[in-house]
Amino acid sequence: MAGELVVVAGGGGFIGGHLAADLMRQGFRVRSVDRKPMDEWYQVHNDAENLVADLNGIDACRQACQGADQVYQLAADMGGMGFIETHKAECMLSVLINTHMLMAARDAGVQKFFYSSSACVYNGDKQVDEDVVALKEEDAYPALPEDGYGWEKLFSERMCRHFREDYGMYTRVARYHNVYGPFGTWEGGREKAPAAMCRKVIEAKLTGDHSIEIWGDGKQTRSFMYIDDCVNGSQKIMHSDSIEPLNLGSNELVTINGLVDIVEDIAGIKLDRKYNLDAPKGVNGRNSDNTLIENEIGWSPSIRLRDGMEKTYKWIYDEHMKKYNGKVPQREAAPKGAHVGKKATAAS
Ligand code: NAD
């Protein structure tokens, strides 16, 4: 209801910044909380209450949840494959944020709690072929999630379940499949494929070196959800009767090569592709089966990849110009991938 106080944990991040903006447009009072200094937030909304706090600690979580009616828990240490395959402990430490936010929200009498889980919870054995069968919610078990990041997400999903069952808390969980759009990470090592491809194509244009490095063989398949669909779907899940985790993603499947085709087309350029088979590439194929969310809450994605990528490319181009004024900085080489050439296993 308009006027209610809604906490967006991770509000300085990509999805949190967009969600906070949308909630304020609807008349909610918003408290955005993030660990980063405010000049690093992707969006700072002056009409929101903006709080810099490290939500690993219970005291900060209590401060964040005080007087709140709803909580969207989006704060996490995360990034694209280049980050999560090389920072597993850091990813797992987000369990502190989720544990403490659940405890603080319970104790503060928060009415509704939303948790942003991930498609990385799905069993690796179901994602071995590029020729994918889209992932259904039941495919998370038996558990064999992405090492590190995925295990933490699956564990925290279950904490939401048990806080609901044992303490009567209202919890809802979305399993986001790759989200992209403006006001997100596009350089620095945590960026995901859509933003990374935009940046690489922009830099190829600027330098005149018309080549592009692709992680893996480019045949990996994925789906990518535009941020507006994510913001809308998250709120639908929050206010739905669906107590089990729901996929929130696009089902427009594309290969990484196909994604590069799209960005090349937007930029009006053709590049020579160099495949780095040692770099992190994630699972071979992943798509979202949206049957359950369509049936339960009537949500489906509305923005085509080509259209969303056009907006994203333009935003990254403008950011690049603002920051580097047409020059291209030295970029670090790709890290080595953890699961190259083999499927993710519990021990790998
Ligand atoms: P993001 O990195 O842009 O935002 C996360 C924010 O959390 C960051 O601003 C970060 O500073 C903040 N944060 C990290 N640790 C914190 C702490 N201890 N205290 C306070 N703030 C802290 O990421 P995003 O893309 O906006 O993702 C939001 C959520 O959605 C995350 O939980 C992520 O795991 C999940 N998710 C995202 C995607 C995607 O494609 N973007 C896919 C699946 C799941």
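Going by the structure above, here's the rest.
Residue positions within a chain follow its written sequence, with the count starting from 1. For a predicted model such as this one, the threshold for reporting local features is a pLDDT of at least 70, and the threshold for listing and counting side-chain atom pairs is 80 or more; totals across whole chains, interfaces and linings nevertheless cover every residue. The side-chain numbers reported here are obtained from all heavy atoms of the structure, hydrogens and water having been left aside.

One side-chain nitrogen of Lys or Arg within 4 Å of one carboxyl oxygen of Asp or Glu is enough to make a salt bridge. By the definition in use, this model includes 26 salt bridges. Here Arg175 ties to Glu157 by a salt bridge, and the two come within 2.7 Å at their closest N and O atoms. Of this pair, Arg175 sits in strand β6 (residues 171-176) while Glu157 sits in helix α6 (residues 149-167), placing them 18 residues apart in sequence. Relative accessibility thresholds used throughout: buried, under 20% of the residue-type maximum; exposed, over 50%; partly exposed, between the two (1.4 Å probe, protein chains only). Here Glu157 falls in the buried class, since its relative accessible area comes to 5%. For Glu264, the salt bridge goes to Lys270, with nearest N and O atoms at 3.0 Å. When its relative accessible area of 1% is taken as the criterion, Glu264 is described as buried. Connected through shared salt-bridge partners, Arg35, Asp77, Glu90 and Arg190 make up one network. To qualify as a helix, a DSSP run of H or I must reach at least 4 residues; to qualify as a strand, a run of E must reach at least 2; elements of each kind are numbered from the N terminus.

Running from N to C, helix α9 (residues 256-267) and helix α11 (residues 305-324) point in directions that differ by 55 degrees, and their axes come no closer than 10 Å. As judged from the angle between their axes, α9 and α11 are oblique. As α9 runs across α11, the sense of the crossing is right-handed. Of α11, the residues touching α9 (which contributes Leu259, Ile262, Val263, Asp265, Ile266 and Ala267) are Leu305, Arg306, Met309, Glu310 and Tyr313. Three classes are used, and their members are as follows: Ala, Val, Leu, Ile, Met, Phe, Trp, Tyr, Cys and Pro are nonpolar, Asp, Glu, Lys and Arg are charged, and the others, Gly among them, are polar. Of the residues that constitute the contact of α9 with α11, the class distribution is eight nonpolar, no polar and three charged. Axis lines are fitted through C-alpha atoms, for helices just across the contact stretch, and the angle between N-to-C directions can take any value from 0 to 180 degrees. Roughly parallel means an angle under 35 degrees; roughly antiparallel, over 145; roughly perpendicular, 65 to 115; everything else is oblique. Crossings are sorted by hand: turned counterclockwise from the far helix by less than a right angle, the near helix makes the crossing left-handed, and turned clockwise it makes it right-handed. Residues are treated as being in contact if the distance between any of their heavy atoms lies within 4.5 Å.

Two strands make a pair as long as DSSP finds a minimum of two bridges between them. Strand order in the open sheet formed by seven strands is β3-β2-β1-β4-β5-β6-β11, with parallel pairing between adjacent strands. Only two strands of the sheet have a single neighbouring strand rather than two, namely β3 (49-52) and β11 (246-248). Strand-to-strand twist in this sheet, taken as the mean axis angle between neighbours without regard to direction, amounts to 20 degrees. As paired elements, strand β1 (residues 5-9) and strand β2 (residues 29-34) share five bridges and run parallel to each other. Residue pairing for β2: Val8 is matched across the bridge by Ser32.

For this analysis, a ring pair means two rings from Phe, Tyr or Trp (six-membered ring only for Trp) whose centres lie within 6.5 Å, classed as stacked if their planes differ by under 30 degrees, edge-to-face if by over 60, and tilted for the remaining angles. By the definition in use, this model includes seven aromatic pairs. Ring geometry for Tyr313 versus Tyr317: centroids 6.4 Å apart, planes at 20 degrees, classification stacked. Taken as a pair, Tyr313 and Tyr317 lie in helix α11 at a separation of four residues, close to a single helical turn. Taken together, the aromatic side chains of Tyr72, Phe114 and Tyr176 make up a single cluster linked through ring pairs. For a ring to carry a charge above it, either NZ of a lysine or CZ of an arginine must fall within 6 Å of the ring centroid while also lying within 35 degrees of the normal to the ring plane. Against the face of Tyr167 rests Arg106, its NZ or CZ located 4.6 Å from the ring centre.

We now examine a nonpolar patch on the surface. Patch membership requires more than 30% relative accessible area and the absence of a salt bridge. Residues of like charge join within 9 Å; the nonpolar side chains Val, Leu, Ile, Met, Phe, Trp and Tyr join within 5 Å. The Shrake-Rupley method, run with a 1.4 Å probe, gives the accessible areas here. Residue values count only the displayed protein chains as cover. Nonpolar side chains collect at one region of the surface, where Met38, Val44 and Val52 lie side by side and expose about 200 Å² of accessible area between them. Relative to the elements of secondary structure, Val44 occurs in the loop between β2 and β3. Overall, Val44 belongs to the partly exposed group, its relative accessible area being 35%.

By themselves, these figures tell us nothing about what the structure is for.
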